[in-house]
Amino acid sequence: MATQKRLVSTAAKMASVSTAHLKTFPPREAIFKKTDIPKLAFAPETWASSQRPPPTALTAFAHRIGLSNVLTDSDTVARVCTHDSFTTLQKQRAPHQPLEQTNGHLAPLGNALLGLFATEFVHTAYPHLPTRVLKAAVSAHVGTLTCAAVAQEIGAAPLLRWHRSVVQDQVNHSDAMASVTRALTAIIYEKRSLLAARQFVHSYLLSREIDLRGMIKFRHPKTALLEMIKKLGREYPRSRLLKETGRFSNSPVFVVGIFSGVDQLGEGFGSSLKMAEFRAAEDALHRVYLTRVPNELMHLPTSTFPAGQGSIFEVEGEEQPHQPGSLGLAEVEYGRSGKSSGGYHN
């Protein structure tokens, strides 16, 4: 009796478990009789995690995210929300029953599409971004934590079926949640088109703001700025003191600007002239590397594919001409050994 009460309380706490669509409840393995042969104790949590969400919840999920025309049946939604690790749990509980479909084949395809869409977007929007920062920005846009957060926000958590303990690797909840977003991207591509999948990724992931400035760090910004100025053929950079206050107090503040000819490249402040000059050089580099192309001027490479429905290898239609964007600056190599004496005059 205590086990049955615990089963009911566990099922009530989990939104994905509904007893209305079950054929029998409580399950037979939860009922013990004195004449039964001793067997393993029944685990309500394991039983609840192995149950398929009700069809009403699956249909409501498809309508809630605006993909009812793509996720047309509950079996497709259940496949998208079932992680590949669930197969291990199903083999343990019901080894003689046929295995349910998982998103094991959809998630890798969706992950590749997410990387494609994010890379072309970030590279086109910020053509001067260094390679390492570009990779970090792509990970911030479509990485595991971001995909898991999107799946959580659209309400996929109650529908997720997964198993933490597997034979080879340990599966985290964030990895299982991220597979839902990746599987959605893949299923849209398979049932609609590449452009439809790109629209989904732009709406749910690439529309998020990330802090690119915090990803760009310079050990010697003055040297990096000098090398960049030489590459562009501009006038030699010079730093000038713009403002100051409290020079002889305990908390002085200096504002320094860096100029190339009459053009001010950057500005920074600090409690010392050296700190202000350091920040001014950083600001000048940030202004170059974080130069963003307006959305109306961006032309993504995937826009060249026809707008018809189907795979890019099967769709028929007129291909759009490609208008390549401006070529970004080559990355500056400087002072690798830490002995570079490059700098500019005050």
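These numbers were taken from a predicted model, which means no experiment stands behind them.

Cut-off values and rules
- Residues numbered from 1 in each chain as written.
- Predicted model: local features only at pLDDT ≥ 70, side-chain atom pairs only at ≥ 80, totals over all residues.
- Heavy atoms only, no water.
- Helix = DSSP H or I, 4+ residues; strand = E, 2+ residues; numbered from the N terminus.
- Buried < 20%, exposed > 50% of the residue type's maximum accessible area, 1.4 Å probe, protein only.
- Contact = heavy atoms within 4.5 Å.
- Salt bridge = Lys/Arg side-chain N within 4 Å of Asp/Glu carboxyl O.
- Phe/Tyr/Trp six-rings, centres within 6.5 Å; stacked < 30°, edge-to-face > 60°.
- Lys NZ or Arg CZ within 6 Å of the ring centre and 35° of its normal.
- pLDDT = per-residue confidence, 0-100.
- Axes fitted to C-alpha atoms, helices over the stretch in contact; angles between N-to-C directions.
- Parallel < 35°, antiparallel > 145°, perpendicular 65-115°, else oblique.
- Left-handed = near helix turned anticlockwise from the far one by under 90°.
- Nonpolar A, V, L, I, M, F, W, Y, C, P; charged D, E, K, R; others polar.
- Core = buried A, V, L, I, M, F, W, Y, C linked by side-chain atoms within 4.5 Å.
- 1 Å grid on protein atoms, 1.4 Å probe; cavity = no way out; pocket = protein on both sides within 12 Å on 5 of 7 lines; lining within 4 Å.
- Points joined across faces, edges and corners; volume = space filled by probe spheres on them.
- Pairing = 2+ DSSP bridges.

When you go through the protein residue by residue, the secondary structure sums to twelve helices and three strands. For the protein, the residues scored as buried account for 41% of the 346 residues in total. Within the protein, counting contacts between residues at least 6 apart in sequence, those at least 24 apart form 63% of the total.

What the rule picks out here adds up to six salt bridges. Note that E100 is salt-bridged to R161, the shortest N-O span being 2.7 Å. With E100 in the loop between α5 (86-93) and α6 (106-125) and R161 in the loop between α8 (144-153) and α9 (173-191), this residue pair connects regions lying 61 residues apart in the sequence. Judged by its relative accessible area of 2%, R161 is buried. As a salt-bridge pair, K222 and E277 come within 3.4 Å of each other at their nearest N and O atoms. Of this pair, K222 sits in helix α11 (residues 221-232) while E277 is found in helix α12 (residues 273-289), placing the two residues 55 residues apart along the sequence.

Moving on: the packing of aromatic side chains. According to the stated counting rule, one finds two aromatic pairs in the structure shown. Ring geometry for F200 against Y204: centres 4.8 Å apart, planes inclined by 40°, an arrangement best described as tilted. Of this pair, F200 and Y204 both sit in helix α10 (residues 194-206), separated by four residues, roughly a single helical turn. For F200, a relative accessible area of 6% puts it in the buried group. Seen from the ring of F259, R240 lies directly overhead, with NZ or CZ sitting 4.5 Å from the centre. Positioned above the aromatic ring of F269 is the side chain of R279, whose terminal nitrogen or guanidinium carbon lies 4.9 Å from the ring centre.

Time to look at the confidence of the model for the protein. Confidence in the prediction for the protein averages 82 pLDDT; 77% of positions are at 70 or higher. Of the regions scoring below 50 in pLDDT, residues 11-16 engages in nine contacts with residues more than four places distant in sequence or in other chains. The low-confidence segment residues 334-346, where pLDDT is below 50, has 27 contacts with residues more than four positions distant or belonging to other chains.

On to the packing of α6 against helix α7 (residues 131-142). Where α6 meets α7, the axes come as close as 9 Å, and the angle between the chain directions of the two elements is 125°. Between α6 and α7, the crossing angle belongs to the class labelled oblique. Seen from above, α6 lies across α7 with right-handed handedness. Contacts from L114, G115, A118, T119, V122 and H123 in α6 reach L134, A137, V138, H141 and V142 in α7. Classifying every residue of the contact of α6 with α7 by side-chain character gives seven nonpolar, four polar and no charged.

Right, let's talk about the nonpolar core for a bit. Among the nonpolar cores identified, the biggest contains 69 residues, and F61, L71 and L184 are the most heavily contacted of them. Take this core: its biggest share by element is ten residues, from α9.

This part covers the environment of L194. With respect to the helices, strands and loops of the structure, L194 is situated in helix α10. Given the relative accessible area of 6%, L194 is considered buried. Separated by 108 residues in sequence, L194 and T302 place their C-alpha atoms 8.1 Å apart. The contact partners of L194, leaving out residues within four places of it in the chain, are L113, F117, Y189, T302, F305, G310 and I312.

Before going further, it helps to examine the environment of H141. Secondary-structure assignment places H141 in helix α7. According to the relative accessible area criterion, H141 is buried, its value standing at 6%. Through-space distance from the C-alpha of H141 to that of Y204 is 9.9 Å; in sequence the pair is 63 residues apart.

What the rule picks out here adds up to one cavity of 30 Å³ or more. Here the largest cavity is characterised by a volume of approximately 40 Å³. Lining the largest cavity, in full, are S193, L194, L195, F305, P306, G308, G310, S311, I312 and V315. Grouping the constituent residues of the lining of the largest cavity by class yields six nonpolar, four polar and no charged.

Spatial ordering of the open sheet is given by β1-β2-β3, a layout of three strands whose pairing is antiparallel. The outermost strands of the open sheet, each flanked by one partner alone, are β1 (237-245) and β3 (263-270). Across the sheet, the axes of successive neighbouring strands diverge by a mean angle of 20°, strand direction being ignored. Two elements, β1 and strand β2 (residues 253-260), share eight bridges in a ladder whose sense is antiparallel. Bridge pairing in β2 links R240 to G257. Here α12 sits on the sheet in contact with β1, β2 and β3, set at roughly 135° to β3.

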